[in-house]
Amino acid sequence: DFIEATKTIKELCPWCKISGGVSNLSFGFRGVNVVRESIHAYFLHHACVSSGMDVGIVNAAEMLHPVEVPPQLREVCEDAVLNRRPDATDRLLAATEAEKEAMELRKRGGGAVAVKKKSWRDLPIAERLTHALVKGISEHVDKDTEEMRSEIEQRGGKTLEVIEGPLMQGMNVVGDLFGAGKMFLPQVIKSARVMKKAVAYLLPFMEKEKRDNLIAQGLDPDAQGDDDSQYAGKFLIATVKGDVHDIGKNIVAVVLGCNNYKVYDIGVMCTCESILDAAIEHDVDAIGLSGLITPSLDEMVDVAKEMAKRNFKVPLLIGGATTSKMHTAVKVAPQYASDEHPVIHVLDASRAVTVVSSLLSDELKPDYVADVQDEYAELRDEYYASLEDRKYLTLDQAIAKRGDVAIEKVAPVPTHLGARVVEEDLAAVVPFIDWNPFFQTWELRGRYPNRGYPKIFNDETVGAEAKKLFDDAQAMLKKIVETKELSLKGCYGLYAANRSDGGEDVDVWENESERGGKPAATFCMLRQQAEVDGQQHYLSQADFVTPRGSRDHLGMFAVACFGAEAAAKRHEDANDDYSKIMVQALADRLVEAFAEKLHRDMRVAHWGYAASESLSHDDLLKVKYDGIRPAPGYPSQPDHTEKRTMWDLMDVEKRCGIKLSSSLSMMPAASVSALVFAHPDASYFAVGKVQKDQVESYAKRKGMELEVCERWLSPILNYDR
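Residues numbered from 1 in each chain as written. Predicted model: local features only at pLDDT ≥ 70, side-chain atom pairs only at ≥ 80, totals over all residues. Heavy atoms only, no water.

**Some details on the overall build of the protein chain**
So, step 1. A count of helical and extended segments in the protein chain gives 26 helices and 15 strands.
So, step 2. By principal-axis analysis of the C-alpha atoms, the protein chain measures approximately 100 × 65 × 55 Å.
So, step 3. Here the protein chain holds 721 residues, and the buried ones make up 50% of them.
So, step 4. Total accessible area on the protein chain is roughly 34,000 Å²; 50% of this is exposed by carbon and sulfur atoms.
So, step 5. If the 88 positive side-chain charges of the protein chain are averaged to one point and the 113 negative ones to another, these points end up 4 Å apart. (Helix = DSSP H or I, 4+ residues; strand = E, 2+ residues; numbered from the N terminus. Buried < 20%, exposed > 50% of the residue type's maximum accessible area, 1.4 Å probe, protein only. Areas by Shrake-Rupley, 256 points an atom, 1.4 Å probe, with all protein chains shown as cover. Lys, Arg positive; Asp, Glu negative; His and termini not counted. Charge placed at Lys NZ, Arg CZ, Asp CG, Glu CD.)

**As for the nonpolar core**
So, step 1. Ranked by size, the top nonpolar core spans 134 residues in total, and within it Ile-287, Leu-316, Phe-438 and Phe-557 carry the most contacts.
So, step 2. In terms of residue count, helix 21 (residues 577-606) provides more of this core than any other element does, 14 residues in total. (Core = buried A, V, L, I, M, F, W, Y, C linked by side-chain atoms within 4.5 Å.)

**Considerations on the pairing of strand 10 (residues 505-509)**
So, step 1. Counting buried residues along strand 10, five of its five residues qualify, which places the element largely inside the surrounding structure.
So, step 2. Here strand 10 shows a buried face lined by Asp-505, Asp-507 and Trp-509 and a second buried face lined by Val-506 and Val-508.
So, step 3. Examined bridge by bridge, strand 9 (residues 487-499) and strand 10 share four bridges and lie antiparallel to one another. Pairing of Ala-497 across the sheet is with Val-508, part of strand 10. (Pairing = 2+ DSSP bridges.)

**Some points on the pattern of salt bridges**
A side chain of one charge can pair with a side chain of the opposite charge if their charged atoms are brought near each other.
So, step 1. Inspection of the entire model under this criterion finds 50 salt bridges.
So, step 2. Of the charged contacts, one joins Lys-478 and Glu-482 as a salt bridge, the two residues approaching to 2.7 Å between their closest N and O atoms. Highlighted residues: Lys-478 and Glu-482, both in helix 19 (residues 463-483), separated by four residues, approximately one helical turn.
So, step 3. According to the relative accessible area criterion, Lys-478 is exposed, its value standing at 51%.
So, step 4. Look at Glu-482 and you get exposed, because its relative accessible area is 54%.
So, step 5. For Arg-527, the salt bridge is made with Glu-504, and the minimal N-O distance between the two is 2.8 Å. Of this pair, Arg-527 sits in the loop between strand 11 (521-524) and strand 12 (552-562) while Glu-504 sits in the loop between strand 9 and strand 10, and the two are 23 residues apart along the sequence.
So, step 6. Under the relative-accessibility criterion, Glu-504 is labelled buried at 4%.
So, step 7. A network of salt bridges, in which partner residues are shared, links Arg-402, Asp-404, Arg-499, Glu-504, Arg-527 and Asp-543. (Salt bridge = Lys/Arg side-chain N within 4 Å of Asp/Glu carboxyl O.)

**Details of the sheet that holds strand 7 (residues 343-345)**
So, step 1. Judged by pairing direction, the sheet is parallel, and its five strands sit side by side in the order 4-3-5-6-7 without closing on themselves. The open sheet is flanked by strand 4 (261-265) and strand 7, the only strands paired with a single partner. The mean inter-strand angle of the sheet, taken between neighbouring strand axes irrespective of direction, is 25°.
So, step 2. Bridge count for strand 3 (residues 233-239) against strand 5 (residues 286-290) is five bridges, and the pairing is parallel. Following the sheet pairing, Phe-235 is matched in strand 5 by Ala-286.
So, step 3. Helix-sheet contacts for helix 10 (residues 247-258) involve strand 3, strand 4 and strand 5, and the interaxial angle to strand 4 is about 155°.
So, step 4. Across the face of the sheet, helix 11 (residues 272-282) comes into contact with strand 3, strand 4 and strand 5 while running at roughly 165° to strand 3. (Axes fitted to C-alpha atoms, helices over the stretch in contact; angles between N-to-C directions. Contact = heavy atoms within 4.5 Å.)

**Re the packing of aromatic side chains**
So, step 1. Applying the stated criterion to the full structure yields 16 aromatic pairs.
So, step 2. For the pair Trp-435 and Phe-470, a centre-to-centre distance of 5.2 Å together with 80° between the ring planes defines the contact as edge-to-face. Here Phe-470 lies in helix 19 and Trp-435 lies in the loop between helix 17 (426-429) and helix 18 (436-441), a separation of 35 residues in the sequence.
So, step 3. Of the residues examined, Trp-435 reaches a relative accessible area of 7% and is grouped as buried.
So, step 4. Each member of the aromatic cluster is reached from another via a ring pair, and the members are Trp-435, Phe-438, Phe-439, Tyr-453, Phe-457 and Phe-470.
So, step 5. Cation over ring: Arg-149 sits above Phe-205, and NZ or CZ is 4.0 Å from the ring centre. (Phe/Tyr/Trp six-rings, centres within 6.5 Å; stacked < 30°, edge-to-face > 60°. Lys NZ or Arg CZ within 6 Å of the ring centre and 35° of its normal.)

**A few points about the side chain of Lys-190**
So, step 1. In this structure, Lys-190 sits in helix 9 (residues 185-216).
So, step 2. In contact with Lys-190, not counting residues within four places along its chain, are Gly-136, Asp-472 and Tyr-578.

**Observations concerning the environment of Met-476**
So, step 1. Positionally, Met-476 belongs in helix 19.
So, step 2. Sequence-wise, Met-476 and Val-583 are 107 residues apart; in three dimensions their C-alpha atoms are separated by 7.7 Å.
So, step 3. The contacts of Met-476, once residues within four sequence positions are left out, are His-571, Ser-579, Met-582, Val-583 and Leu-586.

**Some remarks on the state of the cysteines**
So, step 1. Within the structure shown, the criterion is met by zero disulfides.
So, step 2. Distance from the sulfur of Cys-16, which forms no disulfide, to the nearest cysteine sulfur (Cys-13) is 5.3 Å.
So, step 3. Left unpaired, Cys-491 is separated from the closest cysteine sulfur, that of Cys-656, by 3.7 Å. (Disulfide = S-S within 2.5 Å.)

**Here's the deal with helix 8 (residues 160-179)**
So, step 1. For helix 8, which comprises 20 residues, the first-to-last C-alpha distance of 26 Å matches the rise-based estimate of 28 Å (1.5 Å per residue) to within 8%.
So, step 2. Count one or two residues on from helix 8 and you reach Gly-181, which has phi positive near 75°. (Expected span 1.5 Å × (residues − 1).)

**Overview of the pairing of strand 12**
So, step 1. For strand 12, the tally of buried residues reaches ten of eleven residues, placing the bulk of the element in the interior.
So, step 2. With six bridges connecting them, strand 12 and strand 15 (residues 671-676) associate as antiparallel partners. When the sheet's bridge partners are listed, Gly-555 is paired in strand 15 with Val-676.

**Details of a negative patch on the surface**
So, step 1. Taken together, Asp-367, Asp-371, Asp-374, Glu-378, Asp-381 and Glu-382 make up a surface patch of like negative charges.
So, step 2. Note that Asp-381 resides in helix 15 (residues 365-389).
So, step 3. Look at Asp-381 and you get exposed, because its relative accessible area is 56%. (Patch = residues over 30% accessible without salt bridge, like charges linked within 9 Å, V, L, I, M, F, W, Y side chains within 5 Å.)

Here it is as structure tokens:
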């Protein structure tokens, strides 16, 4: 009566709020929690989801979705909640007694088994498939899918019913649990693996049925297009030109696919033309752009401009590590956004479904877009107001407040100069792995005090899933090390170095005898200009190298993990997105560990300025050693074009096979490069926004046209170019 009354009240008075006493419903079953929570699962499903109840007090940590209810309690609990049969109470009491007996047996540590424990493998085939999908169990998927298909075929049905029935029921549950925060990204990816394997098995049968049906109608089956009508919408996603990073893009594609969207993932390093041509070819409902390096930001702006020129009418979604809501609002949205086709920043994969479903819903879209447009307008006002309020030093004023390091603290002369190749054993770098970014890739974040590895395993919300994920990673990592499926190779260089005559760059020489003559290369640096009250020094990386007349040095390296692309492709061909993303995530961890170990080896042996260093793993991650290793394109030197100087000087591509894309993204994607400064007073900092006077000076020192230089430095300009 309560459930039916709730539904009626909501129909008559849609704006009223209804609360229900959930615990009272199962109070008589206290002490048998599995029964209580099973009753709650069906009550909440019918009262809230189906009828509109708004509020109920529950223990969120123990809540179950109906699909999580133990098989032996499903029917009896739902019968009792809905009062569907006269003996519903008696059957529920009997099931409760059985649960009590099982609890007693477990307390005694075993003993005779009163009843045979039911397995999910004993469920009817449709429920078995749904269970496997929700739980991400892929071991039996081909066998179960065939059993379901045969059963449907025998009753005259079509193969598509397997997908539209138990598989989609399972995916709907996955979507609901993920949206409610009761299921996490690794679980969703595992569920997608089951779905993909099942669909791959069914595809030949569906193609044959479709072909036979068209022939029966007198139509040419080879002249028919794809039927996308069963999908919730069509979405194209791509990593923009010059960028090779795709883990985040892959995750978004899987999550949307799990929610019944047809996803066209056209890969990495996609030109604007190829993205828009593919969008037209597939008649998509929305486009998503991904990127990791800062030059990708300008590529996204260019795509937005071209979409406007070509009169596109679909929403544009922006995502990736280098993107932000502010940049999207200020730089991208004004080029294309309207109420019909907004431009929206998507923070991570878990938000993608909400954003896309809102944009493709006639009911939800108007209010959702209006809210986003208002928010982005406020962000633009805030951004331009901050430019007016912010004060900057001229370049000359900033140089006058440079942060010179002490000459007497200069590191000793390295044991050798020049570039050398290094190939590292996988097992040797495993102890140097920082696991924190691994969990961030999978969007698993513990709450204080359980943030970070290994404390995340203690988190009551994500801890159990984080441990499962970590165990899976360890198993794959062990196999990778044993089979050498991946490999590590790179090069490092050590050079005589001094600050340039102008003081803003660093000159390097191949050996000591050449010092003071024509440099083998010059690394150009950028200096802080944004005025900060009380700031004594306005830093540039050039400040960390001493001027001519002293014997200083500069190190650098470029390293990569090879083989991840081939391994990921192999898993993709096997419809195993979980393993595909896992091997990419592990490749990233391995190359970062390689960089950590190589930097330590440079300090301790190759350069040898810290020969007695003996730091723990935690102290290494906390940067408790002397010196720094900033990467070109990152805050201390935001210009990616400085990679070219490093690549030319060390002949990186020839020595170890690491290439640079047109946007100076490193290939393979699992690559790291950095300059190595040894001075104990060297520190990490952010250049921040720069004035035009510095950009003009910088372009002149680099021998680069101003317009080209401004394009590369676009994200840090304090003026519109």
